[in-house]
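Coordinate inspection notes
For reference, the chains in residue letters:
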Amino acid sequence: MLFSSLALAAFLVGCGDSSTTQNGSGSTNEAGTQTETATDKVSLNLVTIGTGGASGPYNILGTTLADIYSSDFGINSRTQTTGASVENINLMEQGKIEMSFVMSDALSQALAGEVSFKEPIKNVSQIATLYPNVVQIIAKKDSGIKTIEDLKGKRVAVGDQNSGVEVNARTLLAGHGITYDDLQVDYLGYAEAADGLNAGTIDAAFLTSGLPNASVLELSETMGITLVSVEPANIEEIAKEHPYFISYEVPAGTYGNEEPIKTAAVPNALVVRSDMSENDVYLLTKKFFESQDKLVNSHQAATEIPALNAQDGFIAPIHPGAQKYFDEQK
């Protein structure tokens, strides 16, 4: 009997030891189910961040953020250059990337299953509202194009097909009674559009991004350009149906312009896959906000990323991990 009691005690001790996982990330409760315990380690080995064109702020900021995640968490984080918002959202839905920069208009359409999305996207959650993406409509100085209405009959680059740039270009044009049938449309990204303007193969281009856009900056230094204006009253009217559009002014001197240029802007969003764990997203969100100095050093657009009110104007549902971070800041 004594031998049997000792054997039973040893068996029970062994079972007790097995209730904690080897990495200390969880334990088994009395019901026998695994419970999750917060840790300071990201469980994912790979965090891929969807960005946009190589010269745009998405890619510059995304590369900086990926380097921070890799060095601070000891994981493999990298960027994926894409056609931007629409492609990024589709890649997230397919589980091919973990995080991405997107424009709020494309995100709104994705959730509703409209325009470039055949059905509502479900596997996307928001963790921050970012800087505004400014609609920069660029033309050669001697083109005679001064307002958005002047684009009729012209050859215009509207961004990569189904990119966030192209989505808001189409919406903004429609709000002024202009369709693609009224233009000669070219689907060109930032660098290609800049090359086209420089070569004279296009008359104008939409380059929607944070300020300054490297391609526009280079054009302003190598050739004479005009920033096409969009009237605030027209934007207010468009915003009745598309509330993510806001009025914005490109400050004087941004591209050598003597006066501020009235235009439209669409806030950006930082999103993650909804199926990522709360702890992983909490850590990634926390590190993102703690790294603002490094992000600003990589691109000045990051100066307009809000801090404690970064959940204002959310388009997509907030991820529980991000909610945990924001709750801690109260």
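Rules behind the numbers
Residues numbered from 1 in each chain as written. Predicted model: local features only at pLDDT ≥ 70, side-chain atom pairs only at ≥ 80, totals over all residues. Heavy atoms only, no water. Helix = DSSP H or I, 4+ residues; strand = E, 2+ residues; numbered from the N terminus. Buried < 20%, exposed > 50% of the residue type's maximum accessible area, 1.4 Å probe, protein only. Contact = heavy atoms within 4.5 Å. Axes fitted to C-alpha atoms, helices over the stretch in contact; angles between N-to-C directions. Parallel < 35°, antiparallel > 145°, perpendicular 65-115°, else oblique. Left-handed = near helix turned anticlockwise from the far one by under 90°. Nonpolar A, V, L, I, M, F, W, Y, C, P; charged D, E, K, R; others polar. Salt bridge = Lys/Arg side-chain N within 4 Å of Asp/Glu carboxyl O.

**Some points on the overall build of the protein chain**
Secondary structure summary: the protein chain contains eleven helices and 13 strands in total. Expressed as a percentage of its 330 residues, the buried residues of the protein chain come to 49%. Across the protein chain, every contact between residues at least 6 apart in sequence was considered, and the portion connecting residues at least 24 apart equals 73%.

**A few points about the packing of helix H3 (residues 85-93) against helix H4 (residues 104-112)**
Interhelical geometry of H3 versus H4 gives an angle of 45° and a closest axis separation of 9 Å. Relative to H4, the element H3 is oriented oblique. Handedness of the H3/H4 crossing: right-handed. In contact with Ser 85, Val 86 and Ile 89 of H3, H4 contributes Ala 106, Leu 107 and Ala 110. Taken together, the residues that form the contact of H3 with H4 break down as five nonpolar, one polar and no charged.

**Considering the pattern of salt bridges**
All told, the structure shown has eight salt bridges when counted by the stated rule. Linking Arg 170 and Glu 166 is a salt bridge whose minimum nitrogen-to-oxygen distance equals 2.7 Å. Within this pair, Arg 170 and its partner Glu 166 are both found in helix H5 (residues 164-174), separated by four residues, close to a single helical turn. Counted as one network, the salt bridges with shared partners bring together Glu 98, Arg 273 and Asp 275.

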